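# Observations on the three-dimensional arrangement
Residue strings, one per chain:
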Amino acid sequence: MAGVTSVEVQERLEELTERLRQVGDARQKERLQVLYWLKQEQAPSISAIAKAIGRHRSTVQEWLAAYRDRGLAGMLEIQHGPGGKRVIPVWAEQRLARRLEEPEGFKSYGEVQGWLEQTLGVEAEYHAVYQMTRYRLNAKLNVPRPQNSKQDPGQREAFKKTLPMI
């Protein structure tokens, strides 16, 4: 018969209630809620449960298959993807970090990109270089502000001396 589950919930209703109260992760709470509803005397169908928690029926059935195969711990296990492969290897990042500590630094992120390619042989897009340099290494490029060539250096120093301390 469609919608009827072939999973027999082993845990007692009181155990499930207590675990529902204690669990902090919302994804695990959803999965425990499914078992709680299936343990009741008048258990709703899988489709009704899926609609109630806002998931697709096949997702709920995957959770129940994990429960059937690996038990409660297997059902509550949240799997994470491995993430993307790093474009700039860790060793190159460490070399760049040491190079950024030097006083002359870089004038632009394009210059950093060129240095990586020429010195280390690592090809990376501008955006990847910017993200790594700015956010992962927390480095800002050492670029002095432009100054007008007509300024008198003595006048600038006199201004700095008379500037009120803030």
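Scroll up to find the structure this text is about.
Summarised in this report is the structure supplied together with it.

Calculation notes
- Residues numbered from 1 in each chain as written.
- Predicted model: local features only at pLDDT ≥ 70, side-chain atom pairs only at ≥ 80, totals over all residues.
- Heavy atoms only, no water.
- Axes fitted to C-alpha atoms, helices over the stretch in contact; angles between N-to-C directions.
- Helix = DSSP H or I, 4+ residues; strand = E, 2+ residues; numbered from the N terminus.
- Parallel < 35°, antiparallel > 145°, perpendicular 65-115°, else oblique.
- Left-handed = near helix turned anticlockwise from the far one by under 90°.
- Contact = heavy atoms within 4.5 Å.
- Nonpolar A, V, L, I, M, F, W, Y, C, P; charged D, E, K, R; others polar.

To continue, consider the packing of helix α5 (residues 90-101) against helix α7 (residues 126-136). In the contact formed by α5 and α7, the axes pass within 12 Å of each other and the chain directions differ by 60°. Here α5 lies oblique to α7, going by the angle between them. Two packed elements cross with a definite hand, and for α5 against α7 that hand is right-handed. Counted together, Glu-93, Leu-96 and Leu-100 of α5 and Met-132, Thr-133 and Arg-136 of α7 form the full contact between these two elements. For the contact of α5 with α7, the residue count by class is 3 nonpolar, 1 polar and 2 charged.

Attention now moves to the packing of helix α1 (residues 13-22) against helix α2 (residues 26-39). Orientation of α1 relative to α2, taken along the N-to-C sense of each, is 155°, at an axis distance of 10 Å. The orientation of α1 with respect to α2, classified from their angle, is roughly antiparallel. In the packing of α1 onto α2, the handedness of the crossing is left-handed. Counted together, Leu-13, Leu-16, Thr-17, Arg-19 and Leu-20 of α1 and Lys-29, Leu-32, Gln-33, Leu-35, Tyr-36 and Lys-39 of α2 form the full contact between these two elements. Tallied by class, residues from the contact of α1 with α2 come to 6 nonpolar, 2 polar and 3 charged.

By themselves, these are just geometric observations and shouldn't be taken as functional.
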